[in-house]
Amino acid sequence: MTRDIIDINDFTILVEEAKVNEPTIDSCTFEEPIIAVAFYGSGNVDLSVKYDTKQKEFNYTKGLALSFYANENVEFVHTVSAAKPLECLVIATTAKAIDKLPNHEGELFGDLLNQLVNPSDHYVEGPSFIMTPEMQSIVDSLFHIQYEGKTKMMFFRSQITTLLSHFFGQLALSKIENINTNEREKLNLAKDILLQHIDNPPSLSDLSKQIGLNMFKLKKEFKAYFGVPVFKYLQNERLTLAHKLIRTQEATVQEAAWHVGYDSLSSFSNAFEKKFGYRPSQIK
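## Focus: the sheet that holds strand β6 (residues 54–58)
In spatial order, the strands read β3-β8-β5-β6; together these four strands make up an open sheet with antiparallel pairing. Each edge of the open sheet carries a strand with a single partner, namely β3 (24–28) and β6. The average undirected angle you get between the axes of adjacent strands in this sheet is 20°. As judged from the five bridges shared by strand β5 (residues 46–51) and β6, these two strands associate in the antiparallel manner. Bridging from a neighbouring strand, Leu-47 pairs with Phe-58 of β6.

Below, the structure is given as structure tokens:
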């Protein structure tokens, strides 16, 4: 039985593998509260999640992707046997590290796993599903890496990122599927209106009237459909356009800021740096 812990950015990766001849109990707890996704490879190892007087059983884990929140009072118990080997990969982070995650990953956790970011018990189970063939292939490859040394770590790092992307992609798709065709058309119209008036967009109230969707549904469904709130989407589009104008020398920094609707150059520069990691004046 092996258990490796690998730190990648602000994620902690727990890799557990066990192949035994006799039935064996593998127990695991965490030293601090975590938000995590567990991916199970080959074998149908049994899993019991124990906390307080409660217990949750998983008797068919092969190919399972399971998201959860757990604090230090939760015990994860795998029952391993010759017929049920263990291959488990856990990608975990802490609530305090969510905002520090790169590439907007923290926003994805907040948007798609909100019940885990704001837990109501020692253990909270989030979305779970049987992995797609692509995800299963990635998990299998991580338990059978042929490389060594730095090349092995490079491969491992890239595959973990890809696996997490697939996981969030599946969650996003499931949300989009719940939006009917008529509402999708209205949301696309809202997007078009925002882009047509990028320097002077309508208010949420006016936008909801223009597309015929109440403001609550507009905010909720827009975020589910496009992955970000209405004005976060608008800000991203503004800054992307400004970047292009400055990069291609079609506008100065000040002109680009005005073109996309920023009255304050300092506000524009701060927002630009937060998105791209450098000031607009640093573009060559």
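## A few points about the packing of aromatic side chains
Scanning all chains against the criterion turns up 17 aromatic pairs. Consider the rings of Phe-68 and Phe-76, whose centres lie 5.0 Å apart with planes at 45°: the pair is tilted. Each of the two residues, Phe-68 as well as Phe-76, counts as buried. In textbook terms, an aromatic cluster arises when at least three aromatic residues are bridged by ring pairs, as seen for Phe-11, Phe-39, Phe-109, Phe-129, Phe-167 and Phe-168. Positioned above the aromatic ring of Tyr-262, the side-chain terminus of Arg-238 is 5.7 Å from the ring centre. Positioned above the aromatic ring of Phe-276, the side-chain terminus of Lys-275 is 5.4 Å from the ring centre.

## A look at the pattern of salt bridges
Applying the stated criterion across every chain, the model contains nine salt bridges. Among the salt bridges present, the one from Asp-46 reaches Lys-84, with a minimum N-O distance of 3.2 Å. Of this pair, Asp-46 sits in strand β5 while Lys-84 sits in the loop between β8 (75–80) and β9 (86–93), and the two are 38 residues apart along the sequence. Given a relative accessible area of 26%, Lys-84 falls into the partly exposed group. Between Asp-121 and Lys-54 there is a salt bridge whose closest N-O contact spans 2.8 Å. Of the two residues, Asp-121 is situated in the loop between α2 (114–117) and β10 (123–130) and Lys-54 in strand β6; the sequence distance between them amounts to 67 residues. A residue is classified by how much of its surface remains accessible, and Asp-121, at 25% relative accessible area, is partly exposed. Each of Arg-3, Glu-16 and Asp-26 takes part in salt bridges that share partners, so that together they form one network.

## Things to note about the pairing of β5
Where burial is concerned, most of β5 is hidden: five out of the six residues are buried. In the sheet, β5 pairs with β8 via five bridges, with the strands oriented antiparallel. Across the sheet, residue Ser-48 finds its bridge partner in β8, namely Val-77. Once β5 ends, the chain turns through two residues before running back antiparallel as β6, passing Asp-52 with a positive phi of about 50°.

## A closer look at the confidence of the model for the protein chain
Reading predicted coordinates in detail is not appropriate for stretches of low pLDDT. Taken over all residues, the pLDDT of the protein chain has a mean of 88, while the share at 70 or more is 98%. Per-residue pLDDT, averaged within each element of the protein chain, yields its smallest value for helix α1 (residues 105–112) (76) and its largest for strand β4 (residues 34–40) (95).

## Side note on empty space enclosed by the protein
In total, this model carries one cavity of 30 Å³ or more according to the counting rule given. Space inside the largest cavity adds up to approximately 90 Å³. Residue lining of the largest cavity: 13 residues in total, with Tyr-40, Phe-76, His-78, Cys-88 and Val-90 positioned closest to the centre. Of all elements in the fold, only β2 (11–18), β4, β7 (64–70), β8 and β9 reach the threshold of two or more residues within the lining of the largest cavity. Of the residues contributing to the lining of the largest cavity, the split by class is 11 nonpolar, one polar and one charged.

## Focus: the packing of helix α6 (residues 204–211) against helix α7 (residues 215–226)
Following both chains from N to C, one finds α6 and α7 inclined at 90°, their axes separated by 9 Å at the closest point. The angle between α6 and α7 places the two elements in the roughly perpendicular class. Between α6, through Leu-204, Ser-205, Leu-207, Ser-208 and Ile-211, and α7, the contact on the second element is made entirely by Met-215, Leu-218 and Lys-219. Looking at the contact of α6 with α7 residue by residue, the class counts come to five nonpolar, two polar and one charged.

## Brief notes about α6
For α6, the full list of buried residues reads Leu-204, Leu-207, Ser-208 and Ile-211. Within α6, the buried residues cover an arc of 100° as seen down the axis, which keeps them to one side. Where α6 is buried, its residues contact α5 (181–196), α7 and α8 (230–247). The first or second residue beyond α6 is Gly-212, which carries a positive phi of 75°.

## Remarks on the environment of Gly-106
Of note, Gly-106 is situated in helix α1. Accessibility expressed as a relative area gives 12% for Gly-106, which makes it buried. If we ignore the near neighbours within four places in the chain, the residues touching Gly-106 are Ile-98 and Leu-101.

Conventions we followed
Residues numbered from 1 in each chain as written. Predicted model: local features only at pLDDT ≥ 70, side-chain atom pairs only at ≥ 80, totals over all residues. Heavy atoms only, no water. Pairing = 2+ DSSP bridges. Helix = DSSP H or I, 4+ residues; strand = E, 2+ residues; numbered from the N terminus. Axes fitted to C-alpha atoms, helices over the stretch in contact; angles between N-to-C directions. Phe/Tyr/Trp six-rings, centres within 6.5 Å; stacked < 30°, edge-to-face > 60°. Buried < 20%, exposed > 50% of the residue type's maximum accessible area, 1.4 Å probe, protein only. Lys NZ or Arg CZ within 6 Å of the ring centre and 35° of its normal. Salt bridge = Lys/Arg side-chain N within 4 Å of Asp/Glu carboxyl O. pLDDT = per-residue confidence, 0-100. 1 Å grid on protein atoms, 1.4 Å probe; cavity = no way out; pocket = protein on both sides within 12 Å on 5 of 7 lines; lining within 4 Å. Points joined across faces, edges and corners; volume = space filled by probe spheres on them. Nonpolar A, V, L, I, M, F, W, Y, C, P; charged D, E, K, R; others polar. Parallel < 35°, antiparallel > 145°, perpendicular 65-115°, else oblique. Contact = heavy atoms within 4.5 Å. Arc of directions from axis to C-beta.

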